[in-house]
Amino acid sequence: MDPIRVIVQNCVGCNLCVKSCAYDAITLSGPVGAREGKPTAVIDLVKCTLCGACVEACKRYKAIVITRSTFKGQDITKYSGICVLAEHRRGKLASVVPEIIGAARELQKDLSAPVSAILVGNGVRKYTDELLSYGVDEVWMIDHPDVGDFDEDVQAELVAQILMEKKPEIFLGGGTVVGRSLLPRVAAKILTGLTADCTELSIDQSTMLLRQTRPAFGGNIMATILTQNHRPQMATVRHKVMKPAEKVAAPQGKVVEITHIPVPKSKLEFIEFVEEKTATVNLVEADVIVSGGRGIKDPKNFALIEKLALATGGAVGASRAAVDAGWIPYSHQVGQTGKTVKPKVYIACGISGAIQHLVGMQDSELIIAINRDREAPIFEVATFGIVGDLFKIVPAITEQIRKQKARRGTPRVC
Amino acid sequence: MKIFVCIKQVPDTTNVRINPETNTLVREGVQSIINPFDVYAIEEGVRLKEKHGGTVTVITMGPPQAAEALREAIGLGADNAYLVSDRAFAGADTLATAFALACAIRHLGGADIILMGRQAIDGDTGQVGPGVAENLDISHVTDIRKIEEIVDGRIVVERLLEEGYARIAARLPVVLTVVKEINTPRMPSLKGKLAAKKAEIPVLKASDIGADVERLGLNGSPTQVMKIFTPPKPGGGRKFTGEPADTVSALLSELTAAGITIKGAH
């Protein structure tokens, strides 16, 4: 039997499924179905990817069904609790960690299950107090000199071993470079589902499954994903989206040190870390970001953007158009294929606002857009917009802010 | 050196638009392209071959029309290409995709280096690279911005991270996912275009690659899409027009009124 079928007697030939298909796999070319004179939907199985968009579009008539026979899952009744990865490097917990603990504690309200954190590395005991202060019930720790910060192969193996032993039903990691490298490896070891870069997590009240919602198709659509028959249900969580866990007054959690799992030798060798020293590059942590796009016209005009960034103590961002033109390095790119940012203030200069850019910055607390085209989509997400010539406006803003600073004396951030 | 590049044919999402009236995806005129990040992986593969010798093999898992993407890759300098295509693969999530690609690479005799883009622009997961590495039981390093050297089976790479980059060495074989900074892809040469036209592209079916069908396609995929919807459209705020000096002071007084002062740390 084909995994996707059209139930002819339900199909009214309304065309909604045809429109919903991103792969051009459906035509109205079948026999007449539920409505007189209307041909029914036919699915080209060669083009179809079984994404399920048409099933959703046809919710009203239920004329398209996808059937699956899942491969052997584990005994999922043995799994309970919510676990997060306590990512760290170079002496610090990653700033995404309080956020995923916050997300886990929100889910805890529906599941009434404990929240735990997996902490593996060398000399990581020093992070346990901080983890417990966020309200974590248990920290599962492997503190071993052979687990280097960058030994992802060893870390993935240890995390997988801990998960198989402790059996949490949900495991969350940060949508960071490391999280999005480590968790896929862990999921492939224990053969469970993993959803990338979620922006929303909730518990389905009828099935108690984890609803994992994320953008796809460059942010044009959102998809909600379930892992029904496999455990843990794994997801990486986009940085700066979830509310960080609040610290608890008197932490009650405990540290469980795991010593019986053997630590393998890493095949990777860490040589050095080179920090990007320029103050204008760390976009993810910046409070103010000034970004330039195609409207900047010439690489040397990025100086205007840099001046405003310096005046505001901010970082310099860029649209894909500016990066692809070679005007500024890729590490500055904001958007779907670059970085996702959520500063207090985002100033977009000469950026039209393609959806791929918007998904990377639209959660900023305040957005200021400067563009010549009054119809530019960037204005739809902007709190404040200026329609006009950025070559006049950006220097004018820089000048005003400098003056304000001079008047006020001691500067502070935002 | 045996270099493999895994690519994906994707709809050009930069041209996907939402119809504001029906709130549905407009896909008329949306072309299928090689996932942009994979073009950098192909280029890096060709450069490695030019430096170290060997062959560049491109593979993709997808429907029959994905052969077009493979032809384009040959035009860009790859030596040969295989299409991993079978109804049994349809509906695969990243776990089932990584499994199928790993089976195909093993069937083709294995690789020294497997390159791919950091993520595909339709799914945006970036999960297949690490998954392939795990299935082949070899190392992987993601977000590579530079391959510094390969000496005696030891490869040194620069990996882009949030606050800088790390220099990491790995033993071959290895899976590397690349970012755009790694190179500037060349245009297809005339010779490449001719080779692309003439190239035979063998199709590998599930039975060819010796894969357990239970772990392929929809059946081998633990995740399932429950719902797809268009995100709510943001509203938009105040817009100022007029003389630059006026618009700037209007903006700054709005900010002050809202209690926001943008002031630098230095």
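Residues numbered from 1 in each chain as written. Chains lettered and ligands numbered in written order. Predicted model: local features only at pLDDT ≥ 70, side-chain atom pairs only at ≥ 80, totals over all residues. Heavy atoms only, no water.

## Some remarks on the interface of chain A and chain B
Taken together, the contact between chain A and chain B spans 114 residues of the former and 98 residues of the latter. For the chain A and chain B pair, buried surface summed over both sides reaches about 10,000 Å², with 56% attributable to carbon and sulfur atoms. At the boundary of chain A with chain B, the tally comes to 9 salt bridges. Applying the counting criterion to the chain A and chain B interface returns 41 residue pairs in polar contact (both at pLDDT 80 or more). By residue number, the principal contributor to the side of chain A that touches chain B is helix 11 (residues 390–408) of chain A, which donates 9 residues. In terms of residue class, the side of chain A that touches chain B is made up of 54 nonpolar, 31 polar and 29 charged. With 4 bridges joining them, strand 22 (residues 384–387) of chain A and strand 15 (residues 238–241) of chain B adopt parallel strand pairing. By the bridge assignment for strand 15 of chain B, Gly385 of chain A is matched with Lys239 of chain B. (Contact = heavy atoms within 4.5 Å. Buried area = accessible area lost by both parts, 1.4 Å probe. Salt bridge = Lys/Arg side-chain N within 4 Å of Asp/Glu carboxyl O. Polar contact = N/O pair within 3.5 Å; in protein donor to acceptor, adjacent residues only side chain to side chain. Helix = DSSP H or I, 4+ residues; strand = E, 2+ residues; numbered from the N terminus. Nonpolar A, V, L, I, M, F, W, Y, C, P; charged D, E, K, R; others polar. Pairing = 2+ DSSP bridges.)

## Section: the pairing of strand 19 (residues 315–318) of chain A
Residues and elements named next belong to chain A. Neither face of strand 19 is exposed, since Ala315 and Gly317 on one face and Val316 and Ala318 on the opposite face are all buried. Pairing between strand 18 (residues 288–292) and strand 19: 4 bridges, direction parallel. Note on strand 19: the bridge partner recorded for Ser291 is Gly317. With helix 7 (residues 302–312) bridging strand 18 and the parallel strand 19, this β-α-β connection has right-handed handedness. (Buried < 20%, exposed > 50% of the residue type's maximum accessible area, 1.4 Å probe, protein only. Right-handed = clockwise from strand over helix to strand, strands pointing away.)

## With respect to the sheet that holds strand 7 (residues 80–84) of chain B
Taken in spatial order, the 10 strands make up an open sheet running 17(A)-11(B)-10(B)-9(B)-12(B)-8(B)-1(B)-6(B)-7(B)-13(B), and their pairing is mixed. Looking along the sheet, the strands with just one partner apiece sit at the ends: strand 17 (268–275) of chain A together with strand 13 (203–204) of chain B. Pairing analysis gives 6 bridges linking strand 9 (residues 139–151) of chain B to strand 10 (residues 154–161) of chain B, with the strands arranged antiparallel. Paired with Glu149 of chain B across the two strands is Val156 of chain B, which belongs to strand 10 of chain B. On the sheet, helix 1 (residues 36–52) of chain B packs against strand 1 (2–6), strand 6 (55–61), strand 8 (113–117), strand 9 and strand 12 (174–178) of chain B and is oriented at approximately 150° with respect to strand 8 of chain B. (Axes fitted to C-alpha atoms, helices over the stretch in contact; angles between N-to-C directions.)

## Focus: the domain arrangement of chain A
Residues and elements named next belong to chain A. When the domains of chain A are assigned, the result is domain 1 (4–66), domain 2 (76–257) and domain 3 (288–408). The straight-line distance from the C-alpha centre of domain 2 to that of domain 3 is 33 Å. Residue-level contacts link 6 residues of domain 2 with 7 residues of domain 3. Interface of domain 2 and domain 3: buried area, both sides summed, is about 640 Å²; carbon and sulfur atoms make up 48% of it. When the buried area of domain 2 at its contact with domain 3 is split by residue, Gly218, Arg238 and Lys240 rank highest and sum to 66% of it. The interface formed by domain 2 and domain 3 contains 0 salt bridges. Applying the counting criterion to the domain 2 and domain 3 interface returns 2 residue pairs in polar contact (both at pLDDT 80 or more). Residue composition of the side of domain 2 that touches domain 3, grouped by class: 1 nonpolar, 3 polar and 2 charged. (Domains from an automatic or database assignment.)

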